[in-house]
Amino acid sequence: MDAKDDQRLLASLLDTIHVKRGNAEFCSRLGVRFSALQKLFFLLYGQRNDTLYWYTELIRLLHKSYLQRPTELRNIDRRRERHPEWLLSEHLVSYMLYVDRFAGDLVKLQSKIPYFKELGVNLIHLMPLLRCPQRDNDGGYAVSNYREVEPRLGTMQDIRSLASMLRREKMFLQLDLVVNHTSDQHEWARRAREGEKEYQDMYFIYDDRTIPECFEESLPEVFPLTAPGNFTYVPQMGKWAMTVFHNYQWDLNYTNPRVFLEMLKNLFFLANQGADVLRLDAVPYLWKRLGTHSQNQQEAHWICQLFHACTRVVCPGVSLVAEAVVEPKEVVRYFGEGENKGAECDMTYHVLLMVLLWDALATGENAVFLRCLQSLPDVPSHATWLTYLRCHDDIGLGYDDEDLRSLGIDPSLHRRYMVDFYSGRYPGSFASGKIFMENPRTGDARISGTAASLTGLEKALTTGVTEDVDRAIQRLLLLYGLAMSFGGVPIIYAGDEVGYCNDYASLDEEAEKADNRWIHRPRIRWDTVERRKVAGTVEERIFRGMRRMIRVRKETGEFSFRARRRFIDTGDSRILCFLRSLERRHTMVLANLSDTFGKVDPLLFHWTGLTGKVVDRLGGRELLPVGNTLIIPPYALYWITRS
Ligand code: GLC
C-alpha cells in the first residue's frame, strides 16, 4: 500500500467508527502514526482472514480510550509531546517499593510523600498492586484482575488520589503492567480451564506433550529449582498450558490479536488512573517460536513498538519501560533499532551496568567494567537507561562472554567467583548474599541480597568493627554514586537509603521461603528509619550521603542523559574515571574501586578542561594534590568540577 491508500483506509476507518471530524487532536496523532501502526499490525497479524476486523477494533479502541482520557492528563500529554526530553533530566530519581512492606496500604503511603521529598526521589515505582491470589502470586507478578487493586492495599480510587497528590508535588508515578502472562486465577484462565475454546486460544494450550516436548528442547528454565519445565498439566482441562515462569503464570498467546487488544485496554486503563510510566514486565518472552529459546524474537519487538505507537496516539505523556533482563546487546534493541530507533520503549534497565558495578567492587578493578561497556551500542535520543544496583529481583551475571574472553578471563570461572564472593563463600569476602536458583545442570546461579548486605554492612554490624562499618557505608555510597552520575534515571530500592540488610525472617514464611528474593524486599520499620535523624547512626550516615548525592545530581546539568560521557584512563586500574560534559560544562566522576589507596596525576584535570582549582562537589571541598600526585582513599567517590 502507498501513502494514498493509507489515507483512504484511515478515512474509511474513521467513518466506520464514527470519529467526529472536529476531533482534530486524535485525528492528527493517528494520522502521524497510522502507517507505522498498520505496518506493525499487519506484520504481526496479516496472515489471518480477519485482520481487517481486528485492525478496525484497534482503531476503535484507540479512539474510545482517547475520549476517556481525563482532561488533566491530556494537558500533561500535550506538554510532554512538546518536551519529550523530560525523561532525560538530571532531576529524575526513581524509588521502588512494595506498598504493603513500605507503608501498609495506599492511603498510608500518601503520608510518606514528605519522606520522598526529604530524600529527593520523585519517580515513585509501586511494585505490582493489582489483584492477585493470596498465595502463588510471584510478588504480584501473577495478576488475576487488571482492573482491581489488591484489596488489602486499597482501591483504584486510592491510586488516582495518590497520582494526583504526586502530581501536585511535581512527582511521577510508575506502575507495572504484567503483559506476558496472567495468573491461573485470572478470568481468562478460569474460563479456559472450564473448556471455553475462545479463552484457551488466549494462551498456549496443548492436548498432549507433543508440542511442549519440542519446545522444551530449546527453552531454558527461568526458575529451574522451584518451577522446572515450561509447561503445566491442568487436570480440569486435561491439557497442558505453557508456563515459562511459575506453574501458576500462564503465558499469553500474542499470535492472537485479541490478546494484544485486551492487554492494550489494560494499559490505557492504568494510564488513565494517572500513571506516568508503565513498566512492561518480561517483554523478551512475548513471542514464542519452536526451535528457539523464545526470547527477543522480532515479533516481541513489534509488539512493543505497537504498544508504543498506540500510547503515542492515546496518552503520549506516558512512557514505557521494557523489563528485559537479557544479554546486553539484546537489551538495547528494546529502544528500537534501525528505522525504528526510538520507536519502541522509552526506558530499559541497564542490566549490564548493574552487573559491572558489582564486578568492579568484587575485583577492585576497572578492566571488566570498561571493556564490557565499550561494545554496547548507543541509546536513541529521548530514550534513557534506568541505572541501578539492584531491584526486587536477583542479580544475574549477564556479561557478554566474548568481552570477558578478550580480557583473558574464563567466563564461567569468573561467574563462579562472583557468586562465591557475593554469597560470602569466598574467603575474605565482605558480602553476605544468598545464591538464587543455582542450576546444577547448567552451573548458572544468581545472587540475592540487599545493597547493604552485599556491600558488607551486615557482616560489619555483626562483628562491630568500626572501620568495617565505615568501609561498608563507603562501598554502598560509592555504587549508588556511580549509578547516579553514569547517565540515566537512577533507582533506589526502598530501604537501601538507610542501609537495610537482608530480611531472613522471610525465609521462615510459608509463602516466601522457596524464593530467597524476599530477603532483599525488606519490610520497612519506621522506627529504624527515624534513626536517620540521630547524628552518627548508620541510618543517618547513609541517608545523608544519599540525600546529598541526589541534591548535587539535580544541580548538575552534566548528569542529565543529554550530556556526553567519556571514560578516562588514569593509569591506575583501581580507579574508574569518566567525564560528563554538557555544552561547555564538565564534571569528572572519579572512583576508587578498591580498599587500597589509589593515585592520579592532577594534570588529568587540565587535560580534560578542568583548569584551575578543582573541587569535589560531593564532599564540598577542594582537592589538593601532594606534589604531582592526588591520593584517592579506598572507595572514595568524587564528583569534580572547577572551583
Ligand atoms: C519479571 C519480574 C519478576 C517476575 C517475573 C515473572 O522478571 O521482575 O519479579 O518473577 O517477571 O513475572
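Source: prediction; values computed, not measured. (Residues numbered from 1 in each chain as written. Predicted model: local features only at pLDDT ≥ 70, side-chain atom pairs only at ≥ 80, totals over all residues. Heavy atoms only, no water.)

**With respect to the overall build of the chain**
Defined as follows: Only DSSP runs of H or I covering at least 4 residues are called helices, and only runs of E covering at least 2 are called strands; the numbering of each starts at the N terminus. For the radius of gyration, the atom set is restricted to C-alpha positions; the globular benchmark scales as 2.2 Å times the number of residues to the power 0.38. When a residue's accessible area, from a 1.4 Å probe over protein chains only, is under 20% of the maximum for its type it is buried; when over 50% it is exposed; and in between it is partly exposed. Contact criterion: two residues are considered in contact whenever any of their non-hydrogen atoms come within 4.5 Å of each other. Each accessible area value is a Shrake-Rupley result obtained with a 1.4 Å probe; residue values ignore everything except the protein chains displayed when judging cover. The charge count includes Lys and Arg as positive and Asp and Glu as negative, but it does not include His or the ends of the chains. To locate a charge, the coordinates of NZ of Lys, CZ of Arg, CG of Asp or CD of Glu are taken.
Summing up its helical and strand segments, the chain has 24 helices and 25 strands in all. Taking 2.2 N^0.38 as the reference for a compact globule, 643 residues should give roughly 26 Å; the C-alpha atoms of the chain span a radius of gyration of 25 Å, in line with that estimate. Seen through its C-alpha atoms, the chain measures out along the principal axes to roughly 80 × 55 × 50 Å. In the chain, which comprises 643 residues, the share counted as buried stands at 62%. Sequence-distant contacts, at least 24 apart, represent 70% of the contacts inside the chain between residues at least 6 apart. Carbon and sulfur atoms provide 50% of the accessible area of the chain, an area that totals close to 25100 Å². Of the charged side chains in the chain, 83 are positive and 84 negative, and the gap between their average positions amounts to 6 Å.

**Things to note about helix H4 (residues 71-82)**
Note the following rule: For a helix, the expected span equals 1.5 Å multiplied by the residue count minus one.
In a regular helix each residue adds 1.5 Å, so 12 residues correspond to 16 Å; H4 covers 17 Å between its end C-alpha atoms and thus fits that length. Contacts from the buried residues of H4 go to helix H2 (24-45), helix H3 (51-68), helix H8 (156-168), strand S5 (172-177), helix H12 (257-272) and helix H13 (298-314).

**Examining the domain arrangement of the chain**
To keep things clear, this is the line we draw: For the purposes of this description, domain bounds are those given by an automatic or database domain assignment. As a working definition, buried area equals the accessible area (1.4 Å probe) given up by two parts on being put together, with both sides summed. We define a salt bridge as a contact between a side-chain nitrogen of Lys or Arg and a carboxyl oxygen of Asp or Glu at a distance within 4 Å. Under the rule applied, a polar contact is a pair of N or O atoms within 3.5 Å (in protein, one hydrogen donor and one hydrogen acceptor; residues adjacent in sequence only if both atoms are side-chain atoms). Under the convention adopted here, Pro, Cys and the residues Ala, Val, Leu, Ile, Met, Phe, Trp and Tyr are nonpolar, Asp, Glu, Lys and Arg are charged, and Gly plus all remaining residues are polar.
By the assigned domains, the chain splits into domain 1 (350-562) and domain 2 (564-642). When each unit is reduced to the centre of its C-alpha atoms, the spacing between domain 1 and domain 2 is 23 Å. Counting residues at the interface gives 32 residues for domain 1, matched by 30 residues for domain 2. Across the domain 1/domain 2 interface, buried area totals approximately 2600 Å², and carbon plus sulfur atoms make up 61% of it. It is Leu 478, Phe 486 and Glu 558 in domain 1 that bury the most area against domain 2; as a group they hold 24% of the surface buried on that side. Linking domain 1 with domain 2 are two salt bridges. Between Arg 585 and Glu 558 there is a salt bridge; the shortest N-O distance is 3.2 Å. Along the contact surface separating domain 1 from domain 2 lie 15 residue pairs in polar contact (both at pLDDT 80 or more). Listed by contribution, the elements that provide at least two residues to the side of domain 1 that touches domain 2 are helix H15 (351-363), helix H16 (367-374), helix H21 (466-485) and helix H23 (538-554). For the side of domain 1 that touches domain 2, the element with the most residues is H21, which contributes nine residues. The residue makeup of the side of domain 1 that touches domain 2, split by class, is 15 nonpolar, nine polar and eight charged.

**Comments concerning the pattern of salt bridges**
The final tally for this structure, using the stated rule, is 56 salt bridges. Linking Lys 39 and Glu 339 is a salt bridge whose minimum nitrogen-to-oxygen distance equals 2.9 Å. With Lys 39 in helix H2 and Glu 339 in the loop between helix H14 (328-331) and strand S13 (347-349), this residue pair connects regions lying 300 residues apart in the sequence. The exposure class assigned to Glu 339 is exposed, which follows from its relative accessible area of 69%. Ionic pairing is found between Glu 169 and Lys 117, a salt bridge with its closest N-O pair at 2.7 Å. In this pair, Glu 169 sits in the loop between H8 and S5 while Lys 117 sits in helix H7 (residues 113-119), placing the two residues 52 residues apart along the sequence.

**Quick look at the pairing of strand S25 (residues 637-642)**
Test applied: Two strands qualify as a pair provided that DSSP identifies no fewer than 2 bridges between them.
The buried fraction of S25 is high, at five of six residues. Across four bridges, the pairing between strand S20 (residues 585-592) and S25 is antiparallel. Paired with Ala 591 across the bridge in S25 is Leu 637. Across three bridges, strand S22 (residues 614-616) lies against S25 in antiparallel orientation. Bridge pairing in S25 links Val 614 to Arg 642.

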